[in-house]
Amino acid sequence: MRALHTRELVIDIPDRADGSPLGLTVAPGQMWGVLGPNGAGKTTLLHTLAGLRPPRHGQVYLGDQPLADLRRRLVSQQLGLVFQERQDGFPATVLETSLIGRHPWLSPWQMESGEDLASARAALEQLDVGHLADRLVNTLSGGERQRVAIATVLTQNPSLWLLDEPTNHLDLHHQVAVMQLLKSLASAGRAVFMCLHDLNLAARWCDHILLLYPSGDACWGPADHMLVPEALESLYGQKLITVEADGAPVFVPARSGMD
Ligand SMILES: Nc1ncnc2c1ncn2[C@@H]1O[C@H](COP(=O)(O)OP(=O)(O)OP(=O)(O)O)[C@@H](O)[C@H]1O
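In this text the structure is predicted, and so the values were computed from the model without any measurement. (Residues numbered from 1 in each chain as written. Predicted model: local features only at pLDDT ≥ 70, side-chain atom pairs only at ≥ 80, totals over all residues. Heavy atoms only, no water.)

Caption draft 1: A look at the site of the ligand. All residues in the neighbourhood of the ligand are listed as Ile13, Pro14, Pro37, Asn38, Gly39, Ala40, Gly41, Lys42, Thr43, Thr44 and His197. The contact in question runs from an oxygen atom of the ligand to an N or O atom on the backbone of Gly39, over 2.9 Å. In this structure, Thr44 approaches the ligand through a side-chain N or O atom, which is 2.5 Å from an oxygen atom. For the ligand, the accessible surface in isolation is 650 Å², of which the surrounding protein chains cover 54%. In the shell around the ligand, the residues fall into 4 nonpolar, 6 polar and 1 charged. (Near = heavy atom within 4 Å. Polar contact = N/O pair within 3.5 Å; in protein donor to acceptor, adjacent residues only side chain to side chain. Areas by Shrake-Rupley, 256 points an atom, 1.4 Å probe, with all protein chains shown as cover. Nonpolar A, V, L, I, M, F, W, Y, C, P; charged D, E, K, R; others polar.)

Caption draft 2: Region of the structure containing the nonpolar core. Core analysis: the biggest nonpolar cluster contains 49 residues, and Met31, Leu35, Trp161, Leu182, Met194, Ile209 and Leu227 have the highest contact counts within it. Residue-level mapping places this core at the junction of two domains, with at least three residues from each of domain 1 (4-227) and domain 2 (228-259). Ranked by size, the runner-up nonpolar core spans 30 residues in total, among them Ala3, Val26, Leu62 and Leu70. (Core = buried A, V, L, I, M, F, W, Y, C linked by side-chain atoms within 4.5 Å. Buried < 20%, exposed > 50% of the residue type's maximum accessible area, 1.4 Å probe, protein only. Domains from an automatic or database assignment.)

Caption draft 3: Just the packing of aromatic side chains, in detail. One pass over the structure, following the stated rule, counts 1 aromatic pair. With a centroid separation of 5.9 Å and 35° between ring planes, the pair formed by Trp32 and Phe193 is classed as tilted. With a gap of 161 residues between them, Trp32 in strand S3 (residues 31-35) and Phe193 in strand S8 (residues 191-195) connect regions that are remote in the sequence. Each member of the pair, Trp32 as well as Phe193, is classed as buried. (Phe/Tyr/Trp six-rings, centres within 6.5 Å; stacked < 30°, edge-to-face > 60°. Helix = DSSP H or I, 4+ residues; strand = E, 2+ residues; numbered from the N terminus.)

Caption draft 4: Region of the structure containing the domain arrangement of the protein chain. Taken domain by domain, the protein chain consists of domain 1 (4-227) and domain 2 (228-259). Taking the mean C-alpha position of each, domain 1 and domain 2 sit 26 Å from one another. Facing 14 residues of domain 1, the contacting portion of domain 2 comprises 14 residues. For the pair domain 1 and domain 2, the two sides together bury roughly 1200 Å², of which 63% comes from carbon and sulfur. Of all residues in domain 1, the largest losses of buried area upon contact with domain 2 belong to Leu199, Arg204 and Leu227, amounting jointly to 41% of the total for that side. At the boundary of domain 1 and domain 2, one finds 1 salt bridge. Among the ionic pairs, Asp246 bridges to Arg204, the shortest N-O distance being 3.1 Å. Inspection of the region where domain 1 meets domain 2 yields 3 residue pairs in polar contact (both at pLDDT 80 or more). The set of elements that each furnish at least two residues to the side of domain 1 that touches domain 2 consists of helix H7 (199-205), strand S9 (208-212) and helix H8 (223-226). (Contact = heavy atoms within 4.5 Å. Buried area = accessible area lost by both parts, 1.4 Å probe. Salt bridge = Lys/Arg side-chain N within 4 Å of Asp/Glu carboxyl O.)

Caption draft 5: A look at the sheet that holds strand S4 (residues 57-62). Read across the open sheet, the 4 strands follow the order S2-S1-S4-S5; overall the sheet is antiparallel. Edge positions in the open sheet fall to strand S2 (25-26) and strand S5 (65-66), since each of these has one partner strand only. Bridge analysis of S4 against S5 gives 2 bridges, and the strand direction is antiparallel. In the strand pairing of S5, Leu62 is matched with Gln65. Here helix H1 (residues 42-49) sits on the sheet and contacts strand S1 (4-10) and S4; the angle it forms with S1, its principal contact strand, is near 120°. (Pairing = 2+ DSSP bridges. Axes fitted to C-alpha atoms, helices over the stretch in contact; angles between N-to-C directions.)

Caption draft 6: Structural detail: the packing of helix H4 (residues 114-126) against helix H5 (residues 142-156). It is at 8 Å that the axes of H4 and H5 come closest, and there the two elements cross at 140°. In terms of orientation, H4 lies oblique with respect to H5. For the pair H4 and H5, the crossing hand works out as right-handed. Note on element contacts: H5 touches H4 through Ala151, Leu154 and Thr155, opposite Ser119, Ala120, Ala123, Leu124 and Gln126. Broken down by class, the residue content of the contact of H4 with H5 amounts to 5 nonpolar, 3 polar and no charged. (Parallel < 35°, antiparallel > 145°, perpendicular 65-115°, else oblique. Left-handed = near helix turned anticlockwise from the far one by under 90°.)

Dropping the structure here:
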């Protein structure tokens, strides 16, 4: 079974060569991390996988259907997005924002039920922002806002999660809590595909890794095949020191760059 796959996919980054076409298969139960330096195209890839921008070449499939052929409502029931941009201009409370996650499941003009409200509240509690339910989202701190965005997708309950740096703005404890939550969703049969800047979160939590190079080249596979110091040093142009801790490799940037 495939939650998402791509065939000969080339993302459209202006003035960049095609690089390696992506033939990814993201299966239920998997947790993918996308790693690459600034400007490598991680966000562009996520937007392309979500159908928010067209690929230069190739196709994205949700399940076995081309994403471009699916009605947006069906896509929004299956695909949850946690992206960097937030539209907080509209003065919504935290609870109203979390309830937006139920909208793909309601018919037009149908009011949210008590059950919808209960799942929105439960998601906020799970992300440790239940006490902020009545606050306006534009008054939240960066980390609180990030947790509300994740709670909104939890309320939506999609089979595939696409996340752009989900631990952005989070303190250490909440980084671990969010990664643990995503892992438990994957263990329950969801598929998780996310961009990360933190190599060590990827090493500890992800079972599959995609390395994206600024040239457009890419390689992907099981995490233990991908998280090789030489490959990561060449990806970031940064010398690394590798140690082992708590059953996972830990990569520390050396004071020097690359010789
Ligand atoms: N509309 C655009 N016009 C020109 N270049 C663009 C446009 N959108 C994105 N780019 C370029 O495409 C490249 C990839 O951008 P993207 O945001 O996908 O990178 P990223 O890997 O997510 O980077 P970061 O780690 O900094 O978030 C960048 O060099 C960016 O400047």
